[in-house]
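Observations on the model geometry
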Amino acid sequence: YSEFQRQEGRLTLPSSVLKNHLSEQLAKSTELVSIQPDTLIYYTQESFNKYPVAISGEISSAKQYEIGNIEITPDSVWVFGSTTATDTMTAIFTENVSRTEIRDSISFDVDLQKRQGLRYSVEKVNVKVPVTPYTEKSFELEIKGMGFPAAYALKALPSKAKVVFNVNILQIDSIQPSDFEVGIMYGDIYGNKSERVALTLLKHPEAVRDIRIIPKEVEYILEYR
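My aim in this report is to walk through the structure given alongside it, one point at a time. (Residues numbered from 1 in each chain as written. Predicted model: local features only at pLDDT ≥ 70, side-chain atom pairs only at ≥ 80, totals over all residues. Heavy atoms only, no water.)

**Considerations on the sheet that holds strand S10 (residues 106-111)**
Quick note on the threshold: The criterion for strand pairing is that DSSP finds at least two bridges linking the strands in question. Numbered from the N terminus, helices here are DSSP runs of H or I no shorter than four residues, and strands are runs of E no shorter than two. Lines are fitted to the C-alpha atoms to define the axes, a helix being fitted only along its stretch in contact, and any angle between axes, read from their N-to-C directions, falls within 0 to 180 degrees.
Read across the open sheet, the 3 strands follow the order S6-S12-S10; overall the sheet is antiparallel. Sheet topology places strand S6 (71-73) and S10 at the edges, where each strand pairs with a single neighbour. Neighbouring strand axes in the sheet, compared pairwise and without regard to direction, differ in orientation by 25° on average. The pairing of S6 with strand S12 (residues 124-129) spans 3 bridges and is antiparallel. Among the inter-strand pairings, Ile72 is bridged to a residue of S12, identified as Val127.

**A closer look at the side chain of Asn126**
As a reminder, the rule being used: Buried, partly exposed and exposed residues are distinguished by accessible area as a fraction of the type maximum, computed with a 1.4 Å probe on protein chains only: under 20%, between the cut-offs, and over 50%, respectively. As used in this structure description, the phrase polar contact means that two N or O atoms lie within 3.5 Å; if the pair is within protein, one of them must be able to donate a hydrogen and the other to accept it, and residues adjacent in sequence are counted only when both atoms belong to side chains. We call two residues in contact whenever any of their non-hydrogen atoms come within 4.5 Å of each other.
Along the chain, Asn126 falls in strand S12. What makes Asn126 buried here is its relative accessible area of 19%. A distance of 3.0 Å separates a polar atom in the side chain of Asn126 from a polar atom in the side chain of Asp109. When residues no more than four places from it in sequence are discounted, the contact partners of Asn126 are Glu71, Ile72, Thr73, Ser107, Phe108 and Asp109.

**What about unusual backbone geometry?**
Residue Pro158 is bonded to the preceding Leu157 through a cis peptide linkage, with omega at 0°. Within the secondary structure, Pro158 sits in the loop between strand S14 (152-157) and strand S15 (160-168). Of note, the bond from Ile214 into Pro215 is cis; its omega dihedral lies within 30 degrees of zero at 0°. Among the secondary structure elements, Pro215 is positioned in the loop between strand S19 (208-214) and strand S20 (217-224). With a phi angle near 75°, Gln64 is a residue other than glycine that sits in the positive phi range. Its location among the elements puts Gln64 in the loop between strand S4 (57-61) and strand S5 (65-67). Owing to a relative accessible area of 27%, Gln64 belongs among the partly exposed residues under this scheme.

**Quick notes on the pattern of salt bridges**
Note the cut-off: Salt bridges are defined as contacts in which a side-chain nitrogen from Lys or Arg sits within 4 Å of a carboxyl oxygen from Asp or Glu.
Taken as a whole, this structure holds 6 salt bridges when the rule is applied. Between Lys124 and Asp111 there is a salt bridge, and its shortest N-O distance comes to 3.7 Å. Placement of the pair is Lys124 in strand S12 and Asp111 in strand S10, with a sequence separation of 13 residues. Residue classification places Asp111 among the partly exposed residues on the basis of a relative accessible area of 34%. Salt-bridge contacts for Glu219 lead to Arg196; the nearest nitrogen and oxygen are separated by 3.8 Å. Residue Glu219 is located in strand S20, and its partner Arg196 is located in strand S17 (residues 196-198); the two are separated by 23 residues in the primary sequence. Residue classification places Arg196 among the partly exposed positions, given a relative accessible area of 34%. Shared partners join several salt bridges into a network, and the residues in it are Arg196, Glu217 and Glu219.

In structure tokens, the structure reads:
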């Protein structure tokens, strides 16, 4: 380093030096014709650290499909460079990715974004995107009254409503009717002059989406006990 170091912490190895070192490793009957590139430049006095890899761009699924946990391999890389170039870094980003309307799990390689003055332990990473379909499911539930004074009894007509929702096919067996509640809020009836009232979804699991209540509203009778 002391022999070839230049300004700004750089070390330059010209082709003449490279040829001598490489020739020593070759058989005597071998002739070294050329070296490309003819000059190598290294950065000395570098800092180095490991940073997580982040995807730049868009990865999205088609309707009725869900993307699981995206896996990046390796998920972090060693970065070498001057302290000035690395002291504000928090992650290494990939080149722009555009994968939309995905219906099947995919795997692809993508290059890391190059930044002047930095070297990475790898130049590209592998991205695996698991995709699973959603399916529709429904339950028929009793309509409950919520927040009613003890002196009143609610009678909904009809007494049951259907909850229709979409759920990941891998989670469909774990979703049960007890995970949902549909009801009528006393606040929606109080002062209501209509004979019909809207139903409210009182409880639902986080794993489902696109929830619909059928019917949206029902007739009711409020009885004084």
